[in-house]
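What follows is the residue order along each chain.
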Amino acid sequence: RKKSDNLDYRYFPEPDLPALALKAEDFTWLDTQKIEIPHHIIRTCKEQYGFNKEYINALIGDKAVLDYFLACIADGVQPKTIAKWLTGPIAAFTTEQLITLEQLSFDRSKFIAFCTLADSGTINDNQAKEVLAVMLQTGQDAADIVREKWFDAPGLSDDEIAAIAQTVLDANPDIVAQYKGGK
């Protein structure tokens with residue numbers, strides 16, 4: 001059997017969707033937009049940045065996250081550093097709190113300062129996680145948190161540590177003798 005016209009298909013409007021009315025300026029605006037095709041983004045992330053599929057999926061899964069990521073790269077931050085913190089702790093926090101990146105307690109410039117600090121090697125990854133956790137809760141600057149937590153305290157050399165250990169051993173000869181005796 002052949003259907004002769006549209007009436008035979010029984011088209012009817014969806015009651016839950018309002019009618020869509022587009023104007024000429026809507027089409028003009030769409031024509032001026034730069035649209036990134038996900039395939040190009042995926043290729044760039046794999047080839048240029050060396051990202052794994054978890055990073056890529058987290059970035060392309062939300063346009064706001066991708067835009068934030070690209071803006072941070074434009075500001076000179078290392079892509080892997082951004083992806084590590086953006087798709088890990090920040091994504092977990094925003095999901096848990098049911099908020100968007102725009103609703104974070106700090107702006108992009110503070111996040112860039114944090115990434116720069118984490119990349120500099122002045123703090124280790126565990127300290128960086130702690131700094132970011134405080135930033136997410138309070139919105140404080142990363143450098144202020146590092147100072148408050150004494151993460152910027154000067155380290156001791158091996159000779160200084162050996163001298164401190166020797167002082168402790170010299171001050172406790174009885175305990176040293178017990179240890180050497182097998183206790």
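Residues numbered from 1 in each chain as written. Predicted model: local features only at pLDDT ≥ 70, side-chain atom pairs only at ≥ 80, totals over all residues. Heavy atoms only, no water.

**Q** How should the overall build of the protein chain be read in this particular structure?
**A** Secondary structure summary: the protein chain contains 10 helices and zero strands in total. Tracing the protein chain from N to C terminus, the helices and strands come up as α-α-α-α-α-α-α-α-α-α. Relative to the 2.2 N^0.38 estimate, which gives 16 Å for 183 residues, the radius of gyration of the protein chain is 28 Å and therefore markedly larger than a compact globule would have. Per-residue burial over the protein chain gives 24% buried out of 183 residues. Within the protein chain, residue pairs in contact and separated by at least 24 positions form 55% of the contacts whose partners lie at least 6 positions apart. For the protein chain, the accessible area works out to roughly 13,600 Å², and carbon and sulfur atoms hold 55% of it. The distance from the centre of the 19 positive side-chain charges to the centre of the 28 negative ones in the protein chain is 10 Å. (Helix = DSSP H or I, 4+ residues; strand = E, 2+ residues; numbered from the N terminus. Rg over C-alpha atoms; globule rule 2.2 N^0.38 Å. Buried < 20%, exposed > 50% of the residue type's maximum accessible area, 1.4 Å probe, protein only. Contact = heavy atoms within 4.5 Å. Areas by Shrake-Rupley, 256 points an atom, 1.4 Å probe, with all protein chains shown as cover. Lys, Arg positive; Asp, Glu negative; His and termini not counted. Charge placed at Lys NZ, Arg CZ, Asp CG, Glu CD.)

**Q** Hey, could you run me through helix H4 (residues 63-74) in this one?
**A** Owing to its 3.6 residues per turn, the α-helix aligns residues three or four sequence positions apart on the same side. Across its 12 residues, H4 extends 16 Å between first and last C-alpha, which sits within 8% of the 16 Å expected from 1.5 Å per residue. Taken residue by residue, H4 has Val65, Leu66, Tyr68, Phe69 and Cys72 as its buried positions. Projection of H4 onto a plane perpendicular to its axis shows the buried side chains occupying an angular sector of 160°, all on one side. What points out from H4, more than 90 degrees from its buried face, is the exposed set Lys63 and Ala74. Along its buried surface, H4 packs onto helix H2 (38-47), helix H3 (53-60), helix H5 (79-97) and helix H6 (108-120). Gly76, located one to two residues past H4, shows a positive phi value of around 95°. (Expected span 1.5 Å × (residues − 1). Arc of directions from axis to C-beta.)

**Q** Which parts of the structure should I look at to understand the pattern of salt bridges?
**A** Two side chains carrying opposite charge are able to pair once their charged atoms lie near each other. Taken as a whole, this structure holds six salt bridges when the rule is applied. For the salt bridge of Lys149 with Glu130, the shortest nitrogen-to-oxygen distance reads 3.1 Å. Taken as a pair, Lys149 in the loop between helix H8 (142-148) and helix H9 (158-171) and Glu130 in helix H7 (residues 125-138) lie far apart in primary sequence, 19 residues in all. (Salt bridge = Lys/Arg side-chain N within 4 Å of Asp/Glu carboxyl O.)

**Q** So what exactly am I meant to see when it comes to the environment of Pro89 here?
**A** One can find Pro89 in helix H5. Owing to a relative accessible area of 30%, Pro89 belongs among the partly exposed residues under this scheme. Excluding its chain neighbours within four sequence positions, the residues that come into contact with Pro89 are Lys84, Leu132 and Leu136.

**Q** Is there a simple way to explain the state of the cysteines in this structure?
**A** Note on terminology: a disulfide is the covalent bond linking the sulfur atoms of two cysteines. All chains considered together, the criterion is met by zero disulfides. Its sulfur unpaired, Cys72 is 6.3 Å from the next cysteine sulfur, which belongs to Cys115. (Disulfide = S-S within 2.5 Å.)

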